[in-house]
Structures are given as structure tokens and as C-alpha cells.
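Residues per chain are reported as follows:
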Amino acid sequence: MVDLSGSGAVGTELGQGSGSNNNAKKTKKSRTRRGKRGRRRRNKRNTRSNKTPPPYFPPEAEEGNIEYKLKLVNPTQYRFEHLATQLKWRLQEGRGEAVYQIGVEDNGLLVGLTEADMRASLRTLKRMAEKVGADITLLRERELDYDSDRSTRKIAEVLVRKVPDDQQFLDLRVAVLGNVDSGKSTLLGVLTQGELDNGRGRARLNLFRHLHEIQTGRTSSISFEILGFNSKGEVVNYSDSRTAEEICESSSKMITFIDLAGHHKYLKTTVFGLTSYCPNFAMLMVSANTGIAGTTREHLGLAMALKVPIFIVVSKVDLCSGSTVERTVRQLERVLKQPGCNKVPMVVSNPDDAVTAAQQFTQSTCVTPIFTLSSVSGENLDLLKVFLNILPPLSNSKEQEELMQQLTEFQVDEIFSVPDVGTVVGGTLYSGTCREGDRLVVGPTDQGRFLRLKVGSIQRNRSACRVLRAGQAATLALGNFDRSLLRKGMVLVSPKMNPTICCQFEAAIILLFHAKTFRRGSQVTVHVDNVRQTATVECLQGKEELRTGEHAVVRFRFIKHPEYLRLGAKLLFREGVTKGIGHITRLLPPLPQNQNQDQNLQEH
């Protein structure tokens, strides 16, 4: 039984203490209210402090083509003239392109502008561009949300591009790599012709140069295709223009695609295209339904060995399920993250990603953009066009100016005979400038001599050009010069250069792969710039033999004839499965003819 006898006493005690207890309750309640209010204030402060702090860009660089501007609202005439001069400088730094970040302080703080101020700033920037003969394209606008108490503020990223003047458009070369049947030629046909493929290879027919290529559908030679962008960022291709000359006239920026062979049988042609044509970038094509197969890894390794920045396109996504495409992308990411590559893959899925990828791609050698698209359905094709439109040049105006101040050096990659024109050579101007009527020397011949000639007309992208500048590819008409005296690997240089030639040279190399051992007497095919010739290993300094992954200084001797080489030039050699890379450290001039004969007699 429960004892209730003490209940009254307990009640009395409670009753006696009720007054003091009520006071305590009131005090407690007031404290609780104050505590709650305090906590609410603290939480509000904490909420504000926990919000993302104001983001920053890297501080503005004095050199380069990127300019930060907080606002450009109603500038005075004096200020406007100063701003226009500044824009001219940025355009010069970017070789005709500049990027303006509006709403950003010089230290990189993203402040943002109201809608009215942003519109006024863009109007001012458009006036500035018109004054210097350029157009503007709004790349993207972003809202800043790190401070909810303020009204919505935005920052804008604007591309300013100069209207083409005297054919001095910005020209970027992109080497197209990838395994056979990965869709390289088809994609180029779609980009340059402006029409989607029918799924049976119609788009690639215009790119093939030989009958067997049309019959097999496989590229065996090197072909060039052009894609233009005008000053407003719009695509210019054969859908709007009938000839390459019209495309050049309408374009402020030109992308020259170098379509290389994917089959292993034509590997020497692919290597020659990578070393000789000096591509600025490489586009590696991977078929979504086959993944990394065939020569894909080899082509990736070649581009990395030659330090050519590479981006990846996964094609034929219309033939696969989403999970298959995802698996191929994951496979690529694993390969890129391996210790030998050390790349940071970046999958591009929207226009904002494409803009970011184009900027980070040239700023960091690690970033590797990945696109997934279809040449039949056109899926994500626009993202690749946005990327190519914004892609900036690797070299700035200062480096370009320094190269142009040097003596003329033109690398011969191709030789033609054109009716009513005569002998024509195609290649890349490595340094200096070249004009119609210039007198140069070409060589070396098999005897090691240089022959005098005169440059006739010059063409860039199949249209006439008056002045050729360093880094630009072109064809030069040489008139009645005997074609039989010319070969690939020669150079046209200024007579003032007094060019030196060599039969032997030393190079610091690393052996990437060899089935057994690499030793004295081994014969390999050497690729240096536009030179491709078999050479014998004369000696390995300090070592008897080399194994995979080892370094050494090696002396090579050309088998056929002397060549013109430059100190420090990149070297790539191969023979079967043997592959190695390096750079030239020393040139050994050929021995005089009589001394060479004496040496041969002594050896015999």
C-alpha cells in the first residue's frame, strides 16, 4: 500500500514555497528568453560567418590578356582614352584576344555589380572595343551569393576580339590523335563542313586525299582542315563560305586541324606530324563503345613526351548507353591520374564548364578537359565549339616578338609541283619573318651544301599572304627551282645565319621502352622537328647498355646525309617497340672530305 500520510505536509511545504518558486520561474523564463535571443543573435552571426567567404581570383597580372575591372560606369573622356589604350595593350598581349572580368578588384576580390551598373559597364566596354576595332562577346555572368543582406550582384566575363586586319588572324594548330575508327575524320568533317554525319561516314569524305582512304575509311596521310571564328565568336566554316580564302577573310581566329593517322601501320606519319608541324594542342579521340584501345595509349604518350597540351573527346555517344559512356570516361580518368601522366581530368558538361576548361587548360599543364559528344546527333558539339572559340594561344606577344626579331628559318615539311606556279614548299616559319621576293638559302643537300633561291608568292590557309610571321604555317612558291634538289627535313634560312650542319650529335635521352637492351650499334629512326632519318648509336657515355627507364647521354650518327639541327631541340626516336625521348645537347660538324676519306681508309 502507498503511504499518503505525508502528502499534506508535502503539499504544505509546496504551498509555503510557491511564492519564491514563482519568482524563480519568472527569473528562469526571463533568462531563458534572453538566452534564446542571445543564441538567435549568435546563430545569425554564425550563419553569416559560416557562409562562403567572398571568393577571390588570382591577383591581376601586369602581363597577359586578362584584365580586371570593378566597374566602367560613365568614365570621363580622359579616363575613356586611358581605358581604350589599356584594352589595346591587352589585345596585343593576347595576339588579338583579351578577357575582361567585370566586377572584380585588381587584387582578385569578387565584389560584383548591380544590374544597372553591369549594363552600363558593358556598354562602356563595347565603346572601348569599337574604338580599337574589336568586338565583344559575353561569355558568362555569375551571381554572388555570399552576403544575403545585399542586393543581387553579378560579375561578368567578356571576350574582346579584334576584327581581322591584313590577314593577321590568330592561328592555332590542333593535332588530332586517336585509335583507328575513333571518329577523327568524321568529327573534323562535321566541324568544318557544318553538317552532321549520317552515321555511315559521309562527313569524312571531303577530308580524304587518296582512293584507298575513301575505300577503307581510314586516314593514312596528313591532311589539314580549317575552322574559323569571327570577332563575335560565331563559327565560320564551309557552310557559309565556298572557299578557304573566304573563311580566312571573315575570321579573327583560325583553328587548323592536323588530321593524323590512327592505324599502327602509319605510326611514322603520325610522329612526323607531331614533331614537324609544331601543333599548339592535341585532341585525342576515344570511341565511347570501344574505350581505350589500339594506339590510344601510344598517341597519349607521344603527345605527353613532346609536351603538347592535350584534351580528350569521347565520340560516338549516340551508339552507347549512358552507363557505357560513363565507364569509358572513368577508364580515361584512371589512366590520366596514373603516376606517369599526373593529369587532372575535367569532364565538360555545360557551357560554363567549357569556358572554365579553356582558361585553366592553358594556365595549368595538368588540367585535361574531357568532352563527350556525337557527330551524328550533334550532342554536346556546341560545347567543343565554345572551348575552341575561347582557347587562348600558348605564347604571348613578347615571346612572339622575340622570335620575329631573329633571322628567318622556315622548316620544309612538304614539296609540290603546281602547274603555272612551279615548285612549292609547305611548312612552318620557326623564326623571323618572310616576304615575297626574299632571298634565302635552302639545304642541306646530300653533300651538305646550301643553295640560293628567291621566294615568290606566299599562301596561308590557301589564300594569299604578304608577310609571314614566326610560328605561322604557309606554302612558299619557289618558281623554277629544281624540285629534285629538295626533300622533307630541309630548311630555308637567311644567308646571314651561316647555318651549320651535322652528321653526328649528342643527346640526353631517357629510354621509354625496349624489349632487351639498348647499346652501341643500335639503329633507330630519329625525329627532330621536321627531320626524320635513321641513325646509328655511336656510343653511350659512361654506360655499356641501357634498359627501360634509364637515362644516358648518347651520340647518334645519321646514316644517309647531314641535317640541320638546333641545340636544345626535342628528340624522339623509335624502332619497332623501342621508344625514347630527349633533347640535343651537342652538335658535331661533319669532317672535311679528305679527312673523312683518310678515316675511312684507316678503318678499312
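Procedures and definitions
The residue count restarts for each chain, going from 1 along the sequence in the order it is written. Where local features are concerned, this predicted model is filtered to residues with pLDDT of at least 70; where side-chain atom pairs are given and counted, the filter is 80 or more; whole-chain, interface and lining totals use all residues. Excluded from the side-chain calculation are hydrogens and water; included are all heavy atoms of the structure. Of the two site types, the cavity is a set of points on a 1 Å grid over the protein atoms alone where a 1.4 Å probe fits but cannot get out, and the pocket is an open set with protein on both sides within 12 Å along at least five of seven lines, each lined by residues with an atom within 4 Å of a point. Grid points are joined across faces, edges and corners, and a volume is the space filled by probe spheres set on the points. Helix and strand definitions follow DSSP, with helices as H or I runs of at least four residues and strands as E runs of at least two, each counted in order from the N terminus. Here the nonpolar group is Ala, Val, Leu, Ile, Met, Phe, Trp, Tyr, Cys and Pro; Asp, Glu, Lys and Arg are the charged ones; every other residue, Gly included, is treated as polar. These domain limits were set by an automatic method or by a database of domain assignments. Patches were defined on residues exceeding 30% relative accessible area and lacking a salt bridge, with like-charge contacts within 9 Å and nonpolar side-chain contacts (Val, Leu, Ile, Met, Phe, Trp, Tyr) within 5 Å. Residue burial considers only the protein chains on display, and all accessible areas are found by Shrake-Rupley using a 1.4 Å probe. One side-chain nitrogen of Lys or Arg within 4 Å of one carboxyl oxygen of Asp or Glu is enough to make a salt bridge. The classification of residues rests on relative accessible area computed with a 1.4 Å probe and restricted to protein chains. Under 20% of the type maximum is buried, over 50% is exposed, and intermediate values are partly exposed. In this description, strands pair whenever DSSP reports at least two bridges between them.

Chemist: Which parts of the structure should I look at to understand the layout of surface pockets?
Modeler: Considered as a void within the structure, the second largest pocket measures approximately 850 Å³ in volume. Considering the residues around the second largest pocket, the lining is formed by 33 residues, among which N65, I66, Q359, T362 and Q363 are closest to the centre. Every element with two or more residues in the lining of the second largest pocket is listed here: β1 (66-69), β2 (97-102), β3 (134-144), β4 (153-162) and α11 (351-363). For the lining of the second largest pocket, the element with the most residues is α11, which contributes six residues. Looking at the lining of the second largest pocket residue by residue, the class counts come to 14 nonpolar, eleven polar and eight charged. Residue-level mapping places the lining of the second largest pocket at the junction of two domains, with at least three residues from each of domain 1 (66-162) and domain 2 (170-394).

Chemist: For this particular structure, what's the right way to read a nonpolar patch on the surface?
Modeler: On the surface, L512, F513 and V577 cluster together into a nonpolar patch covering about 260 Å² of accessible area. Note on placement: F513 falls in strand β23 (residues 504-513). By relative accessible area, which is 41% here, F513 ends up partly exposed.

Chemist: I'm lost on the pairing of strand β26 (residues 531-540) in this one. Help?
Modeler: On a regular strand, one side chain projects to one face of the sheet and the next to the other, so that they alternate. As defined by bridge partners, strand β25 (residues 523-528) adjoins β26 across six bridges and the pair is classed as antiparallel. Each residue of the ladder has a partner; that of V524, found in β26, is A535. The antiparallel hairpin formed by β25 and β26 contains two residues in its connecting segment, where D529 sits at a positive phi of about 55 degrees. Where β26 meets strand β28 (residues 551-558), five bridges bridge the pair, whose relative direction is antiparallel. Within β28, the position partnered with V537 by the bridge is F556.

Chemist: What should I look at first to understand empty space enclosed by the protein in this one?
Modeler: Rolled over the atoms, a probe sized like a water molecule indicates the empty space that remains. Throughout the structure, instances matching the rule amount to two cavities of 30 Å³ or more. What lines the largest cavity is E409, Q411, V491, V528, D529, N530, V531, Y564, L565 and R566. Within the lining of the largest cavity, the residues separate by chemical class into five nonpolar, two polar and three charged. Mapped onto the domain boundaries, the lining of the largest cavity takes at least three residues apiece from domain 3 (398-493) and domain 4 (501-588). For the second largest cavity, the calculated volume is near 40 Å³. Surrounding the second largest cavity, L284, I292, T296, R297, L300, L332, V335 and L336 form its lining. Contributing elements (two or more residues each) for the lining of the second largest cavity: α9 (296-305) and α10 (322-337).

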